[in-house]
Amino acid sequence: MKIMGQNIEEMVRQKLEPKRFNHSKNVAKSAVQLANYYGVDEQKAYVCGILHDVMKNASDDEQLKIIEISGEKMTPLEKANKKLWHAISGAGYIKTVLKITDTEIISAVRCHTTAKANMTMLEKILYIADYISEDRDFDGVEDMRKKAFSNIDEAVFEGTQFSIMELAKRHMPIHPNTVEAYNEMCAKLI
Ligand code: FE
Ligand code: FE
């Protein structure tokens with residue numbers, strides 16, 4: 001797939017460490033599989049997957065600059081948590097540098113770390129593809145892979161639950177969007 005005459009995969013490869021690039025290819029692959037399964041545009045899913053971590057190895061300065069230029073707004077909690085920056089700067093990068101205008105793609109990248117309530121199927125697909133990609137081996141990943149292809153909401157529920165518990169264990173703040181996604185799935189599934 002080409003953007004502005006440039007091979008998108010090659011462009012991502014140049015911005016990422018080999019391990020992170022490999023992860024991005026795996027997420028794109030899982031996203032395409034989920035897209036086919038759920039009847040979502042596979043090209044969009046591929047673009048989301050390959051680009052989702054494009055700013056992960058960029059410096060703080062580069063990230064802050066792109067966030068500012070792109071007009072993306074950060075809440076105080078986001079500002080204070082550098083781990084959340086790459087999703088926001090990633091959305092900014094694909095808007096301002098790659099000139100991608102598809103708001104669904106931009107939004108999926110923007111919420112890929114925290115999730116949020118009322119996600120579109122594409123947003124859920126990216127969030128879950130990031131959990132179940134081939135390079136992941138956490139306890140319970142097989143169960144999550146099964147859920148991803150039976151009821152993606154259950155997989156989102158499990159992903160947000162996992163994330164909330166891990167952050168709480170480490171005494172780290174929890175993004176309200178993650179709590180809202182968790183509560184939404186809770187009400188829907190139980
Ligand atoms: Fe990420
Ligand atoms: Fe990722």
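This is a predicted model, so every value here is computed, not measured. (Residues numbered from 1 in each chain as written. Chains lettered and ligands numbered in written order. Predicted model: local features only at pLDDT ≥ 70, side-chain atom pairs only at ≥ 80, totals over all residues. Heavy atoms only, no water.)

Before going further, it helps to spend a moment on the coordination of the iron ion (ligand 1). Note on metal sites: the ideal angle is 109.5 degrees for four tetrahedral donors, and 90 or 180 degrees for six octahedral donors. The coordination sphere of the iron ion (ligand 1) contains the protein donors D53 (OD), H86 (NE2) and H112 (NE2), at a distance range of 2.1 to 2.2 Å. One chain supplies every donor to the iron ion (ligand 1), and in sequence these donors are spaced D-x32-H-x25-H. Between the iron ion (ligand 1) and the iron ion (ligand 2), both coordinated by D53, there is a metal-metal distance of 3.5 Å. Note that D53 is positioned in the loop between α3 (42-51) and α4 (60-70) and H86 in helix α6 (residues 85-96), a separation of 33 residues in sequence. The two residues D53 and H86 agree in class, both being buried. (Donors = N, O, S within 2.8 Å, 3.2 Å for Na, K, Ca; no water. Helix = DSSP H or I, 4+ residues; strand = E, 2+ residues; numbered from the N terminus. Buried < 20%, exposed > 50% of the residue type's maximum accessible area, 1.4 Å probe, protein only.)

As a further point, take the nonpolar core. Ranked by internal contacts, the top residues of the largest apolar core, which has 54 residues, are V12, L51, Y93, I94 and I128. In terms of residues, this core owes the most to one element, helix α8 (residues 121-132), which gives eight residues. (Core = buried A, V, L, I, M, F, W, Y, C linked by side-chain atoms within 4.5 Å.)

Turning our eyes to something else, we now look at the coordination of the iron ion (ligand 2). Every protein donor of the iron ion (ligand 2) is listed here as H23 (NE2), H52 (NE2), D53 (OD) and D130 (OD), and their distances to the metal cover 2.2 to 2.4 Å. One way to put it: the four donor atoms around the iron ion (ligand 2) meet at angles of 79 to 171 degrees, and that makes the site irregular. Positions of the donor residues of the iron ion (ligand 2), expressed as sequence spacing, correspond to H-x28-H-D-x76-D. (Tetrahedral: all angles 85-135°; square planar, octahedral: opposite > 155°, others 65-115°.)

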